[in-house]
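Architecture at a glance
What follows is the residue order along each chain.
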Amino acid sequence: MQRSLRNILIIGFALFSMLFGAGNVIFPPYLGLGCGSEWVQGFLYYYIADIGLALVCLFAIQRCGGHRNITMHLGGFASEMLICVIILCIGPMLGIPRTAASTFEMSILPLFPNVNPVIFSVCFFAIVALLCAKQKAVVDIIGKMLTPTLILGLIILIVKGVISPIGSVPEQVLVDNVPFTGISAGYQTMDVLAIVIFGILIAKNVNDKGYTTIKEQNFIIGGSGLVAGVILMLIYLGLTYLGVTASGMFDLSVDRTFLVTTIVKELLGQAGMIIFAIVVALACITTAVALVSCCADYFSTLTGGTVKYIWLVLLVCVFSSVVSNVGLNQIISIAAPILEVVYPPTLMIIFLSFFDRWIKNDWVFRLGALCACILSLMNVLKGYGAPFGFLAYLPLQNYGFGWVLPSLICAAFGFLIRKKAE
């Protein structure tokens, strides 16, 4: 039992660091700034849309025996396409470059304004590639070495902000829709998509540690998820509160990275900037290590081992290094509409997977996911002027979940197709 509890802590710390990356540093303070007096409500929606759904996804993956057992209901081609899109989003197209861009803009520029971003990105991904070289050691490296330092730095910052806040909680609310703002911020972290891939790494590590039965694995992964979830809740709550206390200094036009660095400087001075630079760098490196390792492992498996894991690590790092130089704000703006389309069908099949023992027709999954994808795409296009005003009348639309009820109805129609999908 003592060994199991130790491994739960190590894997839980590792899972925390995998999930707590670039977005988790910049989004909570900005959320607090916008939500003002209703910051607790905004935080709860953010936490549910981020870690709440991520942990549900983790448990679904473990229950079904892997992400492929969830997506397989869509059919072979559609399943691989969805997984590839998810991996590309959280991997070299958006997620991994964002870790480097965040580190550069929040850790390097405030202290060393003359550093060349190209040189930095090369150095950043060289470190990531070295840490990923030993695939089986990735979780232990993150859980034993990097996470304790990361948590300590965050605690120093948050405790100082609570004891000596830079401002009071304002009465006004700057955003029009607090629940939707919280949910959107939770989407932006990409943790739900990331856990689809991180679940592979966690499951492999649990198995490598000698937990081979389903009962043992459920105990270790469940405990690890609880550890990560509690730590993340406390950290998120603190960072959101720091943003609230800065409401008297900024409005929503402020750059996210500038908001965070200003808060740190106001609370801890120049010494605090150095501490924060280390915290952000550790948060981003740990997430980048996990993402690169998972992406390389997936594509190596997809090719049947023809393309070696280490070569894919190098390829992902080189490509991500190039994309990271686009800049953090540009990456965030590009990611937003893509994530609004990818999240709903992913969440739909995860939800339905909990009932797969009673659902004997793959068309339930296919129609539900298809409807979620179409409605989310229409919602994105509506933001660009497309004539889809009827979407405003969908239940839960104000919360960002207008796709839920129509998708469930379409999923129910799947029962009418008697021939089970192959």
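Residues numbered from 1 in each chain as written. Predicted model: local features only at pLDDT ≥ 70, side-chain atom pairs only at ≥ 80, totals over all residues. Heavy atoms only, no water.

1. Quick notes on the overall build of the chain
Under the convention used in this document: Helix and strand assignments follow DSSP, with helices taken as H or I runs no shorter than four residues and strands as E runs no shorter than two, numbered in order from the N terminus. Exposure is judged per residue with a 1.4 Å probe applied to protein chains only, and the accessible area is read against the type maximum: over 50% gives exposed, under 20% gives buried, and values in between give partly exposed. Contact between two residues is taken to exist if any of their heavy atoms lie within 4.5 Å; hydrogens are not considered. With residues, only the protein chains shown are counted as cover, and all accessible areas are computed by Shrake-Rupley using a 1.4 Å probe. A positive count includes Lys and Arg, and a negative count includes Asp and Glu. His and the chain ends are not counted in either. A single reference atom marks each charge: NZ on Lys, CZ on Arg, CG on Asp, CD on Glu.
Secondary structure summary: the chain contains 16 helices and zero strands in total. Seen along its three principal axes, the alpha-carbon backbone of the chain occupies a region of about 65 × 50 × 45 Å. For the chain, the residues scored as buried account for 56% of the 422 residues in total. Restricting the contact set of the chain to residue pairs at least 6 apart, pairs at least 24 apart contribute 84%. Carbon and sulfur atoms form 70% of the exposed surface of the chain, whose accessible area is close to 17800 Å². Looking at charge distribution, the chain has the averaged site of its 22 positive side-chain charges lying 13 Å from that of its 18 negative ones.

2. What about the packing of helix 14 (residues 328-353) against helix 15 (residues 362-383)?
Helix packing for two helices is described by the angle between their axes and how far apart those axes are. Applicable threshold: Here the axes come from fitting lines to C-alpha atoms, over the contacting stretch only for helices, and the angles between their N-to-C directions go from 0 to 180 degrees. Should an angle fall under 35 degrees it is taken as roughly parallel, and over 145 as roughly antiparallel, whereas 65 to 115 is taken as roughly perpendicular and any remaining angle as oblique. Take the far helix as the reference: if the near one is turned anticlockwise from it by less than a right angle, the crossing is left-handed, and if turned clockwise, right-handed. Each residue receives one of three labels: charged for Asp, Glu, Lys and Arg, nonpolar for Ala, Val, Leu, Ile, Met, Phe, Trp, Tyr, Cys and Pro, and polar for the others, Gly being one of them.
Taken N-terminus to C-terminus, the directions of helix 14 and helix 15 make an angle of 160°; their axes are 8 Å apart at the nearest point. The angle between helix 14 and helix 15 places the two elements in the roughly antiparallel class. The chirality of how helix 14 crosses helix 15 is right-handed. Residues Pro337, Glu340, Val341, Pro344, Pro345, Met348, Ile349, Leu352 and Ser353 of helix 14 form the contact with helix 15, whose participating residues are Val364, Phe365, Gly368, Ala369, Ala372, Cys373, Ser376, Leu377, Asn379 and Val380. Tallied by class, the residues present in the contact of helix 14 with helix 15 amount to 14 nonpolar, four polar and one charged.

3. Structural notes on the layout of surface pockets
The gaps of empty space that remain are located by a probe, the size of a water molecule, rolled over the atoms. Quick note on the threshold: Grid points spaced at 1 Å and placed over the protein atoms alone form the basis of the search, with a cavity being a set where a 1.4 Å probe fits but cannot get out and a pocket an open set showing protein on both sides within 12 Å along at least five of seven lines. Lining residues have an atom within 4 Å of a point. Grid points are joined across faces, edges and corners, and a volume is the space filled by probe spheres set on the points.
As a volume, the largest pocket reaches approximately 540 Å³. What lines the largest pocket is a set of 28 residues, among which Phe180, Ile183, Ser184, Ala185 and Glu340 lie closest to the centre. Of all elements in the fold, only helix 2 (22-35), helix 9 (178-188), helix 14 and helix 15 reach the threshold of two or more residues within the lining of the largest pocket. It is helix 9 that contributes the most residues to the lining of the largest pocket, seven residues altogether. Residues that form the lining of the largest pocket fall into these classes: 17 nonpolar, nine polar and two charged.

4. Re the side chain of His73
Basically, it comes down to this: Two N or O atoms count as a polar contact when they lie within 3.5 Å, although within protein this holds only if one can serve as hydrogen donor and the other as acceptor, and sequence-adjacent residues are included solely when both atoms are side-chain atoms.
With respect to the secondary-structure elements, His73 resides in the loop between helix 4 (68-71) and helix 5 (76-93). Of the polar contacts made by the side chain of His73, one reaches the side chain of Asp362; its length is 2.9 Å. Every residue in contact with His73, bar those within four places of it in the chain, is listed here: Asp356, Asp362, Phe365 and Arg366.

5. Structural notes on helix 12 (residues 256-302)
Just so we agree on the cut-off: A helix's residues, less one, multiplied by 1.5 Å, set its expected span. Working definition for bend: take the seven residues up to and ending at a residue and the seven starting at it, fit an axis to each, and measure the angle between the axes.
Over its 47 residues, helix 12 extends only 37 Å from the first C-alpha to the last, a length that falls short of the 69 Å expected when each residue adds 1.5 Å. Of all the bends found along helix 12, the most pronounced is centred on Leu268 and spans about 125°. The buried count for helix 12 comes to 33 of 47 residues, which makes it a mostly enclosed element. Among the residues trailing helix 12, Gly304 stands out with phi positive, at a value near 70°.

6. Digging into empty space enclosed by the protein
Counted under the stated rule, the structure contains three cavities of 30 Å³ or more. The calculated volume of the second largest cavity comes to roughly 50 Å³. Those elements that provide at least two residues to the lining of the second largest cavity are helix 3 (39-64), helix 4, helix 5 and helix 14. Residues of the lining of the second largest cavity, tallied by class, amount to nine nonpolar, three polar and no charged.

7. Let's talk about the environment of Pro345
With respect to the element layout, Pro345 can be found in helix 14. Assessed through its relative accessible area of 7%, Pro345 is described here as buried. Along the primary structure Pro345 and Ser376 are separated by 31 residues, whereas in three dimensions their C-alpha atoms are 8.6 Å apart. Setting aside residues up to four positions removed in sequence, Pro345 forms contacts with Ala369, Ala372, Cys373 and Ser376.

8. Examining the environment of Val175
As for its position among the elements, Val175 is in the loop between helix 8 (138-163) and helix 9. Judged by relative accessible area, which is 15%, Val175 ranks as buried. In contact with Val175, other than residues within four places in its own chain, are Gly34, Cys35, Thr181 and Leu252.

9. Here we look at the nonpolar core
Side chains that are nonpolar tend, in soluble globular proteins, to be buried together. As a reminder, the rule being used: By convention a nonpolar core is built from buried Ala, Val, Leu, Ile, Met, Phe, Trp, Tyr and Cys residues, the set being connected through side-chain atoms within 4.5 Å.
Formed by 136 residues in total, the largest nonpolar core has its most connected members in Phe16, Phe20, Phe124, Val128 and Phe198. Of the residues forming this core, the biggest block, 21 residues, is contributed by helix 12. If we skip the residues at most four places from it in the chain, Phe124 touches Thr99, Ala100, Thr103, Cys284, Ile285 and Ala288.

10. With respect to unusual backbone geometry
Glycine aside, negative phi is the norm for most residues, and most peptide bonds take the trans geometry. Although it is not a glycine, Leu396 adopts a positive phi angle of roughly 70°. Here Leu396 lies in the loop between helix 15 and helix 16 (404-413). Residue Leu396 is classed as partly exposed on the basis of its relative accessible area of 46%.

11. Here's the deal with the packing of aromatic side chains
The condition is simple: Two rings belonging to Phe, Tyr or Trp (six-membered ring only in the last case) form a pair when the distance between their centres is within 6.5 Å. Interplanar angles under 30 degrees mark stacking, angles over 60 mark edge-to-face geometry, and anything in between is tilted. Remark: a charge is flagged as sitting over a ring if the NZ atom of Lys or the CZ atom of Arg is within 6 Å of the ring centre and within 35 degrees of the ring normal.
For the structure shown, the criterion picks out 15 aromatic pairs. Relative to Phe299, the ring of Tyr298 has its centre 5.1 Å away and its plane inclined at 75°; by these criteria the two rings are edge-to-face. Overall, Tyr298 belongs to the buried group, its relative accessible area being 2%. Here the basic side chain of Arg256 rests over the ring of Tyr30, its NZ or CZ set 4.4 Å away from the ring centre.

12. What about a nonpolar patch on the surface?
The test is simple: Only residues whose relative accessible area exceeds 30% and that form no salt bridge enter a patch; like-charged residues are grouped when within 9 Å of one another, and nonpolar side chains (Val, Leu, Ile, Met, Phe, Trp, Tyr) when within 5 Å. What counts as a salt bridge is simple: a side-chain nitrogen of Lys or Arg found within 4 Å of a carboxyl oxygen of Asp or Glu.
Taken together, the side chains of Leu226, Val230, Met233 and Leu234 make up a nonpolar region of the molecular surface, amounting to roughly 370 Å² of accessible area. Tracing the sequence through the fold places Met233 in helix 11 (residues 214-245).

13. Considering the state of the cysteines
Here a disulfide denotes one covalent bond, and it connects the sulfur atoms of two cysteines. For clarity, the threshold we go by: By definition, disulfides here are pairs of cysteine sulfur atoms that lie within 2.5 Å.
Inspection of the entire model under this criterion finds zero disulfides. For the unlinked cysteine Cys89, the closest cysteine sulfur is that of Cys295, found at 11 Å.

Keep in mind that these numbers describe shape and distance, not what the molecule does.
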